[in-house]
Amino acid sequence: MSTHDVDGLNAGYARALLDEYLENPEAVPSEWRALFESGDSDLVATHPGIARLLETLPANGHGGNGNGHVQAPSAPSGPSAPIDDQLLGGVAAAMALVKAHRTHGHLAAHLDPLGADPVGDPSLEPLRLEPKLTPELQARIPASVLRVAVPGETLAEVLPNLAQTYCSTIAYELEHLSDHQQRVWLRQAIESGRYRGALSVEEKKALFRRLCEVDGMERFLRRRFLGQKQFSLEGLDAMIPMLDETIELASEAGAHDVVLGMAHRGRLNVLAHTIGMPYEYILREFEGERTIDAVAADPEGGTGDVKYHLAAHGTRTTANGKVGVRLVANPSHLEAVDPVVEGRTRAEQTDRSTANGAHDSSVALAVLLHGDAAFAGQGVIAETFNLHDLDGYSTGGTVHLITNNQIGFTTDPNQGRSTRYSSDLAKGFDVPIIHVNADDPEAAIASVRLAMAYRRRFVQDVVIDLVGYRRFGHNEQDEAAYTQPLMVAQINAHPSVRELYENKLVEEGVLTREEAAEFVAEVESMLRTAHDRLKATLGDGAAKVEHDGAIPRATTATVVTAVAAGKLAELNEQLLRTPETFTVHPKLAKQLERRRVAITEGGIDWGQAEALAYASLLVDGIPIRLTGQDSERGTFAQRHLVLHDVHDGETFTPMQHLDESAASFEIFNSPLSEYACVGFEYGYSAAAPEALVLWEAQYGDFANGAQIIIDQFISSALSKWRETSRLTLLLPHGYEGNGPEHSSARLERFLQLGAQENIRVVNCTTAAQYFHLLRRQALDATARPLVVTTPKGLLRLKNATSTLADLSDGEFRPVLDDPAADKTATRRLVLCAGKVYYDLIGHDGRSEDVAIARVEQLYPFPTDALAELVASYRSLNEVLWVQEEPQNMGPWRSIRHRLEECAAGTPLRFVGRPWRASPSEGYPTAHGIEQDRIARDALTLA
Ligand SMILES: Cc1ncc(C[n+]2csc(CCOP(=O)(O)OP(=O)(O)O)c2C)c(N)n1
């Protein structure tokens with residue numbers, strides 16, 4: 001062996017070891033580790049010392065064979081054979097081959113039940129490597145140098161096992177994970193086969209029985225209710241036993257709740273078999289007997305929703321006790337429910353009796369079932385993934401199951417995504433992906449076992465891509481062959497998942513054909529009996545669903561929102577307290593100091609009123625959660641509920657250190673998302689009805705990024721699902737010359753959505769009003785979402801500040817009269833809402849005899865209070881509605897009929913910006929001119 005050759009060996013074998021070392025130092029033998037750690041690794045790799053070391057390698061793998069060579073580090077063990085160039089080169093190639101299986105094995109895996117050939121990859125082919133890994137060479141390469149956990153003494157023995165592990169009906173993508181511990185753990189778990197262990201005979205029979213139920217129900221419904229939509233699961237039947245296994249393992253890991261989110265596909269099967277809803281209940285829906293439908297025409301009634309959107313809750317008995325399983329109500333908008341499920345799960349996991357909301361992710365598990373087209377297409381998926389490892393949002397690892405039927409409605413994958421797999425997005429979030437062929441239910445169970453073990457070990461999300469097909473059209477009224485004729489022909493000739501599994505079990509001798517037929521018949525008979533029983537009670541009111549379908553109304557009990565002055569002063573002091581060693585930024589310290597003075601001298605501003613509202617609620621045992629972009633400080637540097645030590649950056653949240661705090665205060669800066677973030681808070685608030693949950697927009701108009709959540713959950717959930725919450729949206733709003741995107745919170749959108757007292761919409765003008773509003777929102781026995789526009793310039797406007805007495809007396813007032821008006825002399829009454837009020841009262845063009853009153857609550861509209869206010873003016877010629885927003889925006893078009901009612905015949909006129917396609921001027925000067933015109937028009941009597 002020439003020196004040159006030895007150097008060649010250095011570059012191959014030693015470099016492979018170095019690669020391994022760099023990725024996972026523990027995986028490399030200690031002698032080599034010591035060598036690599038003796039200096040800079042890169043240098044060591046090319047250091048002539050390595051060449052010299054390698055020169056001392058034994059002539060055979062065991063070393064010390066009497067030829068005088070010294071035992072060298074990591075001498076490969078294995079069958080005796082003279083070390084030669086070919087073998088050493090072969091070791092490097094073998095390592096590359098192992099790595100290729102781990103990285104690209106999925107490309108050669110048999111994942112498609114319809115039999116599409118895997119594309120494969122040259123790196124997986126031993127004869128295409130350099131040197132060629134011929135069978136002879138493979139037989140000479142000892143397995144021990146390859147660091148694999150599959151069985152085999154040599155590469156020749158290892159390779160089939162490696163291929164079986166990585167390229168069969170289950171495949172993995174994990175090499176993109178940035179955490180080497182996770183990679184090593186997953187490789188070990190996968191290659192050892194511990195999660196793919198064969199099922200026992202009993203387990204196999206139970207799995208078969210479950211598939212009979214899944215398949216039996218689908219076929220029964222199709223036969224009996226021809227053409228009714230059921231969004232068949234057929235082709236992905238394994239999903240149900242996978243959920244069984246998930247729930248079982250969640251319970252084993254300590255969960256007492258599983259929260260499920262999914263779209264239409266297979267939902268009826270989930271209701272029956274995962275939630276445990278009796279067949280009768282589902283069959284009743286098909287018979288069209290749901291009470292809520294019957295009352296939809298009633299003005300007091302909700303609209304209800306289609307059967308494959310409704311929420312359900314059940315209790316499952318597992319080996320480790322009972323587990324609550326909740327299927328969250330969702331709209332048609334695919335994947336919109338994902339962040340809602342996360343928020344709900346987070347609420348289940350949070351102990352709101354502790355000061356900062358102690359979070360224990362082991363007690364509940366979120367499971368999201370995704371469609372393959374939706375997973376690749378809907379942006380909310382990415383937004384939701386981005387929440388998964390954040391302090392304020394983590395739920396300890398969500399199990400994502402892509403129910404991949406290789407089609408989206410009629411759209412093929414090559415039209416629906418630019419990536420190879422539907423799951424590819426998840427790679428960017430450091431999430432492992434397991435692909436599994438849905439025709440192999442045992443592999444499907446194995447994928448869940450691995451996924452749940454990973455989640456338990458690393459508290460991280462995991463994705464299972466269950467690849468199957470869709471036996472029928474998008475729904476049962478749909479002809480799939482119009483658009484996918486070849487696929488449909490193939491599917492028609494393809495046995496069902498149950499049939500295939502039956503064949504397998506019969507072949508294995510686990511089951512006889514007779515037993516199998518018995519199972520199938522039993523399921524059929526169960527369904528038939530349930531349907532017959534139901535038919536006997538149809539039309540019998542007593543058997544109907546438990547509620548009458550009417551929307552739960554608001555109660556009329558008044559809420560005390562005032563807080564004793566002494567108590568507020570005390571809380572104010574506590575909020576100004578920081579640990580002795582803590583140094584607040586000196587400029588901020590001065591601002592906070594002013595809050596002390598404001599208590600005695602007046603000048604309580606927005607931020608202080610808000611803080612006092614929160615503190616007073618916390619000591620009364622009301623938990624609070626506030627999130628939004630930069631909300632800890634506040635976009636306009638008005639809040640400062642989280643302080644930062646100027647010396648070490650440590651944070652301190654005085655709100656979490658109140659003397660008598662009886663509930664949690666959670667506050668988090670959110671990621672830059674509206675859709676998922678609002679969805680999350682909606683979910684949290686729906687699951688925590690006792691808590692005040694607030695989401696703040698950076699500027700109000702950005703809330704339209706969450707429009708789907710606003711439309712489909714916040715405003716309509718009560719009518720559709722009888723679901724509501726106290727979710728409060730804080731939306732900065734006000735025309736201050738900052739252009740079209742920072743002026744309007746699009747109040748018109750929320751007001752258009754207001755009906756049947758589903759939400760509350762407020763645009764209030766003083767710190768005290770805000771204080772009372774927040775307290776009312778938390779304490780009102782009737783929970784409803786609140787949309788409140790919050791100010792910008794007003795945050796510091798002296799006129800908008802309040803005194804301690806304003807907080808310790810009174811309540812939130814939906815209308816505010818002009819305190820200085822002469823009720824007899826006033827000829828024009830200007831009504832307005834929000835910040836424009838201050839532009840008007842301070843304006844030099846104001847004529848005498850013009851009074852200015854405010855409508856602080858816009859929905860439900862305070863008709864009685866405003867009518868009374870208007871009537872108190874005895875000489876009115878006209879009533880004006882003045883708004884900053886263009887005429888086609890803002891409140892005008894939603895409240896005009898109410899204003900007319902209140903004006904009771906006095907002429908009503910609009911003053912504001914004209915109809916506009918964009919909310920406001922882009923130029924500050926133009927803004928100033930328009931603002932002035934509006935004020936003059938409103939205030940100048942002709
Ligand atoms: C946001 C949204 N856009 C469009 C639709 C209409 N739609 C309903 S199902 C569907 C196809 C979904 O395909 P996939 O995610 O693969 O689920 P599958 O129905 O195949 O199970 C479409 C486009 C919708 N429901 N939601």
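(A) Fine view of the overall build of the protein chain. For the protein chain, the count of helices and strands is 34 helices and 24 strands. Counting across all 942 residues of the protein chain, residues that qualify as buried make up 58%. Partitioning the contacts of the protein chain with sequence separation of at least 6, the portion at a separation of at least 24 is 77%.

(B) The arrangement of the pattern of salt bridges in detail. Summed over the entire model, instances satisfying the criterion amount to 56 salt bridges. Notably, a salt bridge pairs Arg456 with Glu252, separated by 3.6 Å at the nearest N-O pair. Placement of Arg456 in helix 18 (residues 441–458) and of Glu252 in helix 10 (residues 239–252) is noted, with a sequence separation of 204 residues between them.

(C) Molecular detail of the packing of aromatic side chains. This structure, assessed with the given rule, holds 20 aromatic pairs. Look at Tyr699 and Phe702: their rings are 6.2 Å apart centre to centre, the planes differ by 75°, and that puts the pair in the edge-to-face class. Judged by relative accessible area, Tyr699 falls into the buried class, the value being 18%. A residue is classified by how much of its surface remains accessible, and Phe702, at 29% relative accessible area, is partly exposed. Cluster of aromatic residues (ring-pair linked, three or more members): Trp185, Tyr195, Tyr454 and Phe458. Here Arg625 stacks its cationic end above the ring of Tyr393, 5.4 Å away from the centre of that ring. Against the face of Tyr837 rests Arg854, its NZ or CZ located 3.7 Å from the ring centre.

(D) Spatial organisation of the environment of His264. Counting through the fold element by element, His264 comes out in the loop between strand 2 (257–261) and helix 11 (267–275). The class of His264 is buried, set by a relative accessible area of 17%. Residues His264 and Gly371, spaced 107 residues apart in sequence, show a C-alpha to C-alpha distance of 9.3 Å. In contact with His264, not counting residues within four places along its chain, are Phe231, Tyr308, Leu334 and His474.

(E) Summary view of the site of the ligand. As a structural note, the neighbourhood of the ligand is formed by 15 residues, with Arg265, Ser332, Asp372, Ala373 and Ala374 the closest of them. In the environment of the ligand, an oxygen atom lies 2.7 Å from a nitrogen or oxygen atom belonging to the side chain of Asp372. At 2.9 Å from an oxygen atom of the ligand is found a main-chain nitrogen or oxygen belonging to Ile407. A total of 580 Å² of accessible area belongs to the ligand in isolation, and the protein chains cover 75% of it. Broken down by element, the residue count for the shell around the ligand peaks at three residues, all from helix 15 (residues 372–377). Residues belonging to the shell around the ligand are distributed by class as follows: five nonpolar, eight polar and two charged.

(F) Local environment of helix 33 (residues 892–903). Compared with the 16 Å implied by 1.5 Å per residue over twelve residues, the 14 Å span of helix 33 between its first and last C-alpha is markedly short. Every buried residue belonging to helix 33 is among Trp892, Ile895, Leu899, Cys902 and Ala903, and all of these are buried. Seen end-on, helix 33 carries its buried residues on one side only, within an arc spanning 90°. In this structure, the buried side of helix 33 is in contact with strand 20 (828–832), strand 22 (857–859), helix 32 (863–871), strand 23 (878–886) and strand 24 (908–913). Within two residues after helix 33, Ala904 carries a phi angle of roughly 45°, on the positive side.

(G) Examining the layout of surface pockets more closely. Computed from the structure, the largest pocket encloses a volume of approximately 940 Å³. Glu757, Arg760, Arg776, Gln857 and Pro860 are the residues nearest the centre of the largest pocket, which is lined by 32 residues in total. Every element with two or more residues in the lining of the largest pocket is listed here: strand 22 and helix 33. Per-class residue counts for the lining of the largest pocket are 13 nonpolar, eleven polar and eight charged.

(H) View of the sheet that holds strand 8 (residues 399–404). If you trace the eight strands from one edge of the open sheet to the other, you get 1-9-10-8-7-2-4-3, paired in mixed fashion. Two strands in the sheet have a free side with no partner beyond their single neighbour: strand 1 (170–173) and strand 3 (312–318). Each strand of the sheet is rotated relative to its neighbour by a mean of 20°, with strand direction disregarded. With seven bridges connecting them, strand 3 and strand 4 (residues 321–327) associate as antiparallel partners. Counted as the bridge partner of His313 is Arg326 from strand 4. Contacts from helix 10 reach strand 2, strand 3, strand 4, strand 7 (364–371), strand 8, strand 9 (433–437) and strand 10 (462–467) within the one sheet, and its direction differs from that of strand 7 by about 160°.

(I) Highlighting unusual backbone geometry. Between Glu130 and the following residue, Pro131, the backbone shows a cis peptide bond with an omega angle of -5°. With respect to the secondary-structure elements, Pro131 resides in the loop between helix 5 (85–104) and helix 6 (135–140). A positive phi angle, near 75°, is found at Glu335, a position not held by glycine. Tracing the backbone through its elements, the reader meets Glu335 in the loop between strand 4 and helix 14 (337–349). You will see that Glu757, though not glycine, has its phi angle at about 50°, which is positive.

(J) Up close: empty space enclosed by the protein. Enumeration over the complete set of coordinates arrives at 13 cavities of 30 Å³ or more. In this structure, the largest cavity spans a volume of roughly 120 Å³. As for the largest cavity, its lining consists of 13 residues, of which Leu575, Leu592, Arg595, His640 and Leu641 are closest to the centre. Taken together, the elements giving at least two residues each to the lining of the largest cavity come down to helix 22 (565–575), helix 23 (586–601) and helix 24 (606–619). Classifying every residue of the lining of the largest cavity gives nine nonpolar, three polar and one charged.

(K) Representation of the packing of helix 12 (residues 279–286) against helix 21 (residues 513–537) within the structure. Two elements in contact, helix 12 and helix 21, have axes separated by 9 Å at closest approach and are oriented at 60°. Our classification of the angle between helix 12 and helix 21 gives oblique. Here helix 12 runs over helix 21; the crossing is right-handed. Residues Tyr279, Glu280, Leu283 and Arg284 of helix 12 pack against Met526, Leu527, Ala530, His531, Arg533, Leu534 and Thr537 of helix 21. Looking at the contact of helix 12 with helix 21 residue by residue, the class counts come to six nonpolar, two polar and three charged.

(L) A look at the packing of helix 22 against helix 23. At their nearest, the axes of helix 22 and helix 23 sit 10 Å apart, and the two run at 170° to each other. The angle between helix 22 and helix 23 places the two elements in the roughly antiparallel class. Contacts between helix 22 and helix 23 pair Ala569, Asn572 and Glu573 from the former with Arg595, Arg596 and Ile599 from the latter. For the contact of helix 22 with helix 23, the residue count by class is two nonpolar, one polar and three charged.

(M) Quick peek at the sheet that holds strand 23. The five strands are arranged 19-21-20-23-24 in an open sheet whose pairing can be described as mixed. Edge positions in the open sheet fall to strand 19 (815–816) and strand 24, since each of these has one partner strand only. Relative to strand 21 (residues 850–855), strand 20 is paired through five bridges, and the arrangement is parallel. For Leu829, the partnering residue across the bridge sits in strand 21 and is Ala851.

(N) The pairing of strand 14 (residues 665–669), seen in detail. In terms of burial, strand 14 is largely enclosed, as four of its five residues are buried. With five bridges connecting them, strand 11 (residues 624–628) and strand 14 associate as parallel partners. Opposite Ile624, over in strand 14, you have Phe665 as the bridge partner.

(O) Geometry of the environment of Trp185. Mapping Trp185 onto the fold places it in helix 8 (residues 180–191). Put simply, Trp185 and Arg457 are 272 residues apart on the chain and 9.3 Å apart in space, counted from C-alpha to C-alpha. What Trp185 contacts, discounting residues up to four positions off in sequence, is Arg194, Tyr195, Leu450, Ala453, Tyr454, Arg457 and Phe458.

(P) Highlighting the nonpolar core. With 106 residues, the main nonpolar core has Ile141, Met239, Val270 and Leu466 as its most contacted residues. For this core, the leading source of residues is helix 18, giving eleven residues. Not counting the four nearest positions on each side in its chain, Val270 is found in contact with Met239, Ile240, Leu243, Leu260, Met262, Ile275, Leu327 and Leu369. Residues Val337, Val693, Phe750 and Trp892 belong to the second largest nonpolar core, which totals 69 residues.

Scoring rules and cut-offs
Residues numbered from 1 in each chain as written. Predicted model: local features only at pLDDT ≥ 70, side-chain atom pairs only at ≥ 80, totals over all residues. Heavy atoms only, no water. Helix = DSSP H or I, 4+ residues; strand = E, 2+ residues; numbered from the N terminus. Buried < 20%, exposed > 50% of the residue type's maximum accessible area, 1.4 Å probe, protein only. Contact = heavy atoms within 4.5 Å. Salt bridge = Lys/Arg side-chain N within 4 Å of Asp/Glu carboxyl O. Phe/Tyr/Trp six-rings, centres within 6.5 Å; stacked < 30°, edge-to-face > 60°. Lys NZ or Arg CZ within 6 Å of the ring centre and 35° of its normal. Near = heavy atom within 4 Å. Polar contact = N/O pair within 3.5 Å; in protein donor to acceptor, adjacent residues only side chain to side chain. Areas by Shrake-Rupley, 256 points an atom, 1.4 Å probe, with all protein chains shown as cover. Nonpolar A, V, L, I, M, F, W, Y, C, P; charged D, E, K, R; others polar. Expected span 1.5 Å × (residues − 1). Arc of directions from axis to C-beta. 1 Å grid on protein atoms, 1.4 Å probe; cavity = no way out; pocket = protein on both sides within 12 Å on 5 of 7 lines; lining within 4 Å. Points joined across faces, edges and corners; volume = space filled by probe spheres on them. Pairing = 2+ DSSP bridges. Axes fitted to C-alpha atoms, helices over the stretch in contact; angles between N-to-C directions. Parallel < 35°, antiparallel > 145°, perpendicular 65-115°, else oblique. Left-handed = near helix turned anticlockwise from the far one by under 90°. Core = buried A, V, L, I, M, F, W, Y, C linked by side-chain atoms within 4.5 Å.

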